[in-house]
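# Breakdown of the fold
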Amino acid sequence: MPKKYVFDFDEADYRNKRLFGGKGASLVQMAQLGLRVPPGFIITTEACKDFFGPKREEIAELEAQLARQPPPDVRDALITKLFSIIDSLDLPQGLWEEVVEHMKRLEDRTGRRFGDPKNPLLVSVRSGAAVSMPGMMDTVLNLGLNDETVKGLAEQTNNEWFAYDAYRRFINMFGRIVLNIDDKLFSKAWDDIKRKYGVKEDPQMPIEGLKEAVEIFKKIVAESRGAFPQDPWEQLKLAIKAVFRSWDSPRAIFYRIAEKITSDIADCTAVNVVTMVFGNMGWDSGTGVVFSRDVATGENRLYGEFLPVAQGEDVVAGIRTPMDIDEFKKRFPHLYEELYNGVKLLEKVNKDVQDVEFTVERGRLYFLQCRNAKMTPMARVKTAVDMAKEGIITKDEALMKVSPEHVLQLLYPRIDPKANARPIAKGLPASPGAVSGQLVFNPDDAVKWARDGKKVVLARVETKPDDVHGFYAAVGILTTRGGMTSHAAVVARAIGKPAVVGAEDAVVDEQNKVLRAGGLILKEGDWVTIDGNTGLVYPGVVPTLEPELIPELEELLRWADEVRRLGVRANADLPEDAAIARKFGAEGIGLLRIERMFRKPERLDLLRRIILAENREERIKHLEQLYRMLKEDFKAIFEIMDGLPVVVRLIDPPLHEFLPKPEEVLQQICEGRMSGKDVSSLERLYNRLKALQEANPMLGHRGVRVGVSYPEVYYYLTKAIAEAASELKKEGRNPVVEIMIPQVSDVREIKYVKEKGIMPALRDVEESSGVKLDIKIGTMIETVRAALTVEKIAREVDFISFGTNDLTQAVFSFSRDDAENKFIPQYLDLKILDADPFETLDPEGVAKLVEQASRSAKEANPAIEVGVCGEHGGEPKSISLFSRMKIDYVSASPFRVPLARLAAAQAAIASSKRE
Ligand code: PEP
Ligand code: MG
């Protein structure tokens, strides 16, 4: 039996988005819920897959080449080749017959005939993949119009103006999308006609102008591609193929890669053939987009735009500025009520904020599409929390709705009000965050400049879906036209880029690459700051402020804390970082890298003397001074973290990192000799540096090995820590201190430094202060040998913490300092690696070692505490892996603490669902 490719709305299953696409599924759902939807049918994604089938491999190869973002000329040649292959394909067998049969059914249901000169049926042919790819694929409206049916439409509706408006739109759209004719030819002709008739806004065009446009547009088509097809069936067939083809438009390919939409998530597009309803029939008609809540702030009120006398594409293209939904409510209260009820019903059944497209045709409301809304991170968090409180979703569902990236984005900087910066323009705050960048005026330049390492703000009059590669390259987006639902706004929100749109008091001159605003002229390369929280635009670089947690996020994270199993601490080395960590909910410090405390010049100098000292006495003299300085910083941090654990790691990096380069000293010696100076101390320094030099410092004299060579170093560092703690205890505070030994590979190293350095210091401080200290001693597990011999180690310590940065380096034998900018990008490209292992924990190798080691450690010492303090502790996928192992806590950089709290909760919810 041949495959069934075509389904009416009443016979499809709306839950099957993979087969029917998101848009198709939503039409089915709305129809089945009793909302008014124009009749239509869906051609499944399976049909599209079978359409590409015969050339799938060739197409995949070209897609892969396009994905590498070649220069524009190569890109254009690849697109031409790709499209000519696709255009040579036929519809899969049996599909057309099914389409014809369903068109007949549509004719019966509507009482109109396709191609009938008296009472014509018109349809839209719309794309729609399993996941929403806003504006990335194509749609054709008003299909079925020709020189005869246009007259029928005029008669039937008693509205000649409307019929010709629809016809000129159709020829333009068909020419651009189906026949691939450059849209500039049409828009230039349209602008010329507008000028000729002295018309500013499209609805003012007289009927003669529309008829003239029809003739001119047909001529444009004829000159590029031969006569405009008058047969509606031919139009339909070509349009279906074009919508299939648009799955492989460069922007769609690029979007899928950027958003990681792989074929297991969405494979090919469905095609929705839907009876046309007309928003351009007059002032009681129009088209709009509405969200069930405010997608900028999350407030619970309908939010959206309505454009009278218009068709769908006018709203998203941002060509005319629409009225807001409050105005719509005033003008059409009954329609508003119907819309409100429909949208809220959809929100309830779909358990998420809805983004609904609708059209009003002569006072009758039609629902054309619904989907889960894309919104700002702030709105995402607020709506999730509110919907849980309203009982629409559970707390767990609310937690699963907010992505860890949303949380990171919510911690975007704000403009510092104290900077008193004067804005030069104001637009709509379409996507939050304040950023500064250098101005560029087209997407290709954005990509080029970004490749050169520059931060750019892309300024456009309005954006088209084809600009999307520029969005990814830019740090922010600015447009002078369009509303909150314009393409620029939707995409910027979706990919989390700050954006200001519709800044109408500014002028972007794309040709001459200048921005005129507030009496200033800014050229390409000039710096601007845009604030996507307020919609303001500033010249130059404006200082920004550190973010705060909004109350809704605090609430959501409290819910996260109730369900997560994994503890969350922070990696912090300075009092400022510790304060941020505590504010963001860290349950302690999981890693304080002591060496970062040597950043101050006087301390670095002392440390150098310690390293270069030629005997123990000399070293101790300098250590005495250093420990006093460090003690004060420890006190400050322990005080901030009062009552919460702070893991202080003894000095770790290779010693050469703190020393001058031997070549530099040699140069000074030569210069000194030439000018007759005494260079003997420089020579001593040089000899010492040469003696300390190592071929592989990363694998050299570092970490615990330094503690073994110079136990007095560990003694004094411990003394600084212990005295800080004992002094605070005397002041009535509650410091909870843990000392960690790095780079261990054998338990005997731990025993040795404990005996020779750490324990004597603790004893001495306890004795001299009379304060009983309860300091835990632990070690990093960051060498392979430590992981493999963890049973012995576990019996010797109170805690272990996996240093997954070094462990990844050791397990792969990849240098963590070099691999990421040498060969890892190529490995990712060639799919030798699925992800950068320094970013996401390698699930097959490193994770296995961590899991085995943590289990063995707990078996050997059930009281042991197990943490992770590598960068992976702040990365959601890795957190999910850690949550499943016997790990007690992760430690992440302070700004990632909120994200880690949420990711840990999501991992717990996901695993409780699996159980
Ligand atoms: C690690 O190796 O994972 C770690 C936390 O230590 P560092 O990054 O300081 O080497
Ligand atoms: Mg390390």
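Just so you know, these numbers come straight off a predicted model, no measurement behind them. (Residues numbered from 1 in each chain as written. Chains lettered and ligands numbered in written order. Predicted model: local features only at pLDDT ≥ 70, side-chain atom pairs only at ≥ 80, totals over all residues. Heavy atoms only, no water.)

## Quick word on empty space enclosed by the protein
With the rule as written, the count across this model stands at 3 cavities of 30 Å³ or more. Considered as a void within the structure, the largest cavity measures approximately 90 Å³ in volume. The wall of the largest cavity is formed by Phe-598, Leu-607, Ile-610, Ile-611, Leu-623, Leu-626, Ile-651, Leu-655, Val-706, Tyr-710, Val-713 and Leu-717. Those elements that provide at least two residues to the lining of the largest cavity are α23 (601–612), α24 (616–640) and α28 (711–730). With 3 residues, the top contributor of residues to the lining of the largest cavity is α23. Considered class by class, the residues forming the lining of the largest cavity number 12 nonpolar, no polar and no charged. (1 Å grid on protein atoms, 1.4 Å probe; cavity = no way out; pocket = protein on both sides within 12 Å on 5 of 7 lines; lining within 4 Å. Points joined across faces, edges and corners; volume = space filled by probe spheres on them. Helix = DSSP H or I, 4+ residues; strand = E, 2+ residues; numbered from the N terminus. Nonpolar A, V, L, I, M, F, W, Y, C, P; charged D, E, K, R; others polar.)

## A look at the UniProt feature "binding site: Mg(2+)" (unreviewed entry) in the protein
Under the present numbering, the feature "binding site: Mg(2+)" (unreviewed entry) in UniProt falls on Glu-782 and Asp-806. Across 25 residues in sequence, these annotated residues keep their C-alpha atoms within 5.4 Å of one another, forming a single compact spot. Assignment of secondary structure puts Glu-782 in the loop between β28 (776–781) and α30 (784–788). For Glu-782, a relative accessible area of 3% gives the class buried. Dropping the residues within four chain positions of it, Glu-782 is found in contact with Asp-652, Pro-742, Gln-743, Gly-803, Asp-806, Leu-807 and Ala-810. Polar contacts involving the side chain of Glu-782 include one to the main-chain amide nitrogen of Gln-743, which spans 2.9 Å. Considering the arrangement of structural elements, one finds Asp-806 in helix α32 (residues 804–812). (UniProt positions renumbered as here; feature names shortened; annotations may be inferred. Buried < 20%, exposed > 50% of the residue type's maximum accessible area, 1.4 Å probe, protein only. Contact = heavy atoms within 4.5 Å. Polar contact = N/O pair within 3.5 Å; in protein donor to acceptor, adjacent residues only side chain to side chain.)

## Re the packing of helix α36 (residues 876–884) against helix α37 (residues 897–914)
Closest axis-to-axis distance for the α36/α37 pair is 9 Å, and the angle between their directions is 50°. When the axes of α36 and α37 are compared, the pair comes out oblique. As for the relative orientation of α36 and α37, their crossing is right-handed in sense. When α36 is examined against α37, the residues Pro-876, Ile-879, Ser-880, Ser-883 and Arg-884 are found in contact with a partner set consisting of Leu-899, Ala-900, Ala-903, Ala-904, Ala-907, Ala-908 and Arg-914. Broken down by class, the residue content of the contact of α36 with α37 amounts to 8 nonpolar, 2 polar and 2 charged. (Axes fitted to C-alpha atoms, helices over the stretch in contact; angles between N-to-C directions. Parallel < 35°, antiparallel > 145°, perpendicular 65-115°, else oblique. Left-handed = near helix turned anticlockwise from the far one by under 90°.)

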